[in-house]
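# Summary of structural features
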Amino acid sequence: SLAFIEKSGLSTEASVIDVGAGACTLADDLVGRGFGDVTVLDVSHRALERSRERMGQRADGITWRVDDVTTAELPEAHYDLWHDRAVFHFLTDPDARRRYVANVLHAVKPGGHVIVATFGLGGPEKCSGLEVVRYDSDGLHGEFGAPFVKMDSATDLHKTPWGSEQEFIYCLCRRT
């Protein structure tokens, strides 16, 4: 994620949203690199609380949102960067995926960047007991369509805490 954020060329003045952030450390990394306008969105209040506690006073400058990304009311054309690692692949309902993409179109500025990471075609068919949709980079980009230009993609083998590997596909797109 950080490599793609660097590829996007954003300044630290950029507005960033991390959807499905849970208790991950991307917000820590962004604040540590000088980003001042960071929003963290997740459906789990508990996961966001863990992140806030971990970050201590550095969490005070972050906007924390407990919400469902498919129905959240986000500010129009506000974000320079939308980041999602491992939410989109849980959207097995085509209508939920359409609502997600509509929210990206609504919330990301024209010219803004979108980073989405999902399970690749070689990734698991379920995660935490839930069905997932697996993608290759063209299939993932196809869900977003013409309003987005694919700038780059990569495959990553994520090592889980229990030692297995999961294939992830990352796509970096720019909103036209």
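Structure's up top.
Since the model is a prediction, treat every value here as computed from it, not as a measurement. (Residues numbered from 1 in each chain as written. Predicted model: local features only at pLDDT ≥ 70, side-chain atom pairs only at ≥ 80, totals over all residues. Heavy atoms only, no water.)

### A closer look at the environment of leucine 105
Structurally, leucine 105 is set in helix H4 (residues 94-107). For the pair leucine 105 and threonine 25, spaced 80 residues apart in the sequence, the C-alpha separation amounts to 25 Å. Setting aside residues no more than four positions away along its own chain, leucine 105 makes contact with Pro147, Phe148 and Arg175. (Helix = DSSP H or I, 4+ residues; strand = E, 2+ residues; numbered from the N terminus. Contact = heavy atoms within 4.5 Å.)

### With respect to the packing of aromatic side chains
One pass over the full model with this rule turns up eight aromatic pairs. The interplanar angle of 65° and the centroid separation of 4.9 Å between the aromatic rings of phenylalanine 88 and tyrosine 100 together place this pair among those described as edge-to-face. You can see phenylalanine 88 sitting in the loop between strand S4 (79-85) and H4 and its partner tyrosine 100 sitting in helix H4, a full 12 residues away along the chain. Residue classification places phenylalanine 88 among the buried residues on the basis of a relative accessible area of 0%. Judged by relative accessible area, which is 0%, tyrosine 100 ranks as buried. Between the aromatic rings of phenylalanine 119 and phenylalanine 168, the centroid separation amounts to 5.0 Å while the plane-to-plane angle is 50°, which identifies the pairing as tilted. Residue phenylalanine 119 is found in strand S5 (residues 108-119), and its partner phenylalanine 168 is found in strand S9 (residues 165-175); the two are separated by 49 residues along the sequence. (Phe/Tyr/Trp six-rings, centres within 6.5 Å; stacked < 30°, edge-to-face > 60°. Buried < 20%, exposed > 50% of the residue type's maximum accessible area, 1.4 Å probe, protein only.)

### Re the pattern of salt bridges
Pairing is possible between side chains of opposite charge, provided their charged atoms come close. Inspection of the entire model under this criterion finds 11 salt bridges. The shortest N-O distance in the salt bridge between arginine 54 and aspartate 28 comes to 2.6 Å. Pair noted here: arginine 54 is in helix H3 (residues 45-55) and aspartate 28 is in helix H2 (residues 26-32), with a separation of 26 residues, a long-range link. When the shortest N-O distance is used, the salt bridge between aspartate 80 and lysine 109 registers 3.3 Å. Highlighted residues: aspartate 80 in strand S4 and lysine 109 in strand S5, separated in sequence by 29 residues. Take aspartate 80: its relative accessible area is 16%, and that puts it in the buried class. A cluster of three or more residues bridged by salt bridges with shared partners is formed by Asp28, Arg54 and Arg58. (Salt bridge = Lys/Arg side-chain N within 4 Å of Asp/Glu carboxyl O.)

Worth remembering: the numbers are spatial, not functional.
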